[in-house]
Amino acid sequence: MMNWLIRILLVVIAIVVAVLTITALPTLDDKHMAGTRLMIHMMAGGSLVAAMPVFAILFLSRAISPQRSAILQRWGFWLMILAATLAIGSVLMCMLPLLSTEQMHRWMVIHGYAGFATGAALLVLGLGCLQWRRISATRSSTPG
Ligand code: HEM
């Protein structure tokens, strides 16, 4: 049951991060986000804010146990949590009445890098899941 919940959450997170990345890609060409693209980005952002902590809590016991996860899974997980926290935290920072406009621009640049890093870490986690499948299959087919 828990396995399925983790798998479903991982698929949801992968879709959400793909949407966030696709909507953010034109900003690499100096085109700022606006209109429908910004709306979709912000809605997907909200979904990530909800899904990521639940996934982190459910996956945590595996992420700290070398007997229950592959090395790529552990690296991917911790890098993704770090990058996603920075991506979410930077938006939160800009919502607080603490920063000047220039500082907000700087935080949004950090947000962009952290966001793209979240996608890269998710890929590592995905590869780690494939690696873990292979390890588990080898273990269950080895007698003794
Ligand atoms: C994880 C993948 C993500 C990527 C790759 C990403 C990328 C970006 C980039 C490059 C920008 C800069 C846009 C610009 O300079 O005009 C941006 C803006 C923004 N992002 Fe994200 N982001 C991600 C996640 C999130 C999340 C989780 C949230 C919400 C918590 C969010 C909310 C926003 C908001 C509100 C803006 C400001 C748009 C503006 O005012 O121009 N993003 N994002």
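Before reading on, note that the structure itself is shown above.
In what follows, the accompanying structure is described. Note that the structure is predicted; figures quoted are calculated from it, not measured.

1. Section: the overall build of the chain
Reasoning step 1: Summing up its helical and strand segments, the chain has four helices and zero strands in all.
Reasoning step 2: Starting at the N terminus, the α and β elements of the chain follow one another as α-α-α-α.
Reasoning step 3: Along the first, second and third principal axes, the C-alpha atoms of the chain reach 65 × 25 × 25 Å.
Reasoning step 4: Relative to its 144 residues, the chain shows a buried fraction of 21%.
Reasoning step 5: Long-range contacts, defined as pairs at least 24 residues apart, comprise 75% of the intrachain contacts of the chain with a sequence gap of at least 6.

2. So, the site of the ligand
Reasoning step 1: The environment of the ligand is formed by 23 residues, the closest being Leu-20, Ala-24, Gly-45, Gly-112 and Gly-115.
Reasoning step 2: Among the elements of the structure, helix 1 (2-24), helix 2 (35-63), helix 3 (71-95) and helix 4 (101-141) are those that each provide at least two residues to the shell around the ligand.
Reasoning step 3: In terms of residue count, the dominant contributor to the shell around the ligand is helix 4 (seven residues).
Reasoning step 4: Looking at the shell around the ligand, its residues break down into 13 nonpolar, ten polar and no charged.

3. Here we look at the packing of helix 3 against helix 4
When two helices pack together, you describe them by how their axes are tilted relative to each other and by the distance separating the axes.
Reasoning step 1: Two elements in contact, helix 3 and helix 4, have axes separated by 7 Å at closest approach and are oriented at 160 degrees. The angle between helix 3 and helix 4 falls in the class roughly antiparallel. Where helix 3 crosses over helix 4, the two elements pack in a sense that is left-handed.
Reasoning step 2: Classifying every residue of the contact of helix 3 with helix 4 gives 25 nonpolar, eight polar and no charged.

4. What about the packing of helix 1 against helix 2?
Reasoning step 1: Close contact between helix 1 and helix 2 brings their axes to 9 Å; oriented N to C, the two are set at 150 degrees. In terms of axis orientation, helix 1 runs roughly antiparallel to helix 2. Note that helix 1 runs across helix 2; the crossing there is left-handed.
Reasoning step 2: Grouping the amino acids of the contact of helix 1 with helix 2 by side-chain chemistry returns 21 nonpolar, four polar and one charged.

5. A few points about the nonpolar core
If you look at soluble globular proteins, the nonpolar side chains tend to sit buried side by side.
Reasoning step 1: The biggest cluster of nonpolar side chains holds 19 residues, and the ones touching the most others in it are Ile-13, Leu-48, Met-80 and Ala-84.
Reasoning step 2: Counting residues per element, the ones that place at least two in this core are helix 1, helix 2, helix 3 and helix 4.
Reasoning step 3: Per element, the largest residue contribution to this core is six residues, and it comes from helix 3.
Reasoning step 4: Ignoring any residue separated from it by four or fewer positions in sequence, one finds Ala-84 in contact with Leu-48, Met-52 and Thr-118.

6. A closer look at helix 4
Reasoning step 1: Taking 1.5 Å of rise per residue, the 41 residues of helix 4 would be expected to cover 60 Å, and the 60 Å separating its terminal C-alpha atoms lies within 8% of that figure.
Reasoning step 2: Listing the buried residues of helix 4 in full gives His-111, Ala-114, Gly-115, Thr-118, Ala-121, Leu-122, Leu-125 and Gly-128.

Here is what the cut-offs are and how they apply
- Residues numbered from 1 in each chain as written.
- Predicted model: local features only at pLDDT ≥ 70, side-chain atom pairs only at ≥ 80, totals over all residues.
- Helix = DSSP H or I, 4+ residues; strand = E, 2+ residues; numbered from the N terminus.
- Buried ≥ 20, exposed ≤ 12 C-beta atoms within 10 Å, placed from the backbone.
- Contact = placed C-beta atoms within 7 Å.
- Near = placed C-beta within 6 Å.
- Nonpolar A, V, L, I, M, F, W, Y, C, P; charged D, E, K, R; others polar.
- Axes fitted to C-alpha atoms, helices over the stretch in contact; angles between N-to-C directions.
- Parallel < 35°, antiparallel > 145°, perpendicular 65-115°, else oblique.
- Left-handed = near helix turned anticlockwise from the far one by under 90°.
- Core = buried A, V, L, I, M, F, W, Y, C linked by C-beta atoms within 7 Å.
- Expected span 1.5 Å × (residues − 1).

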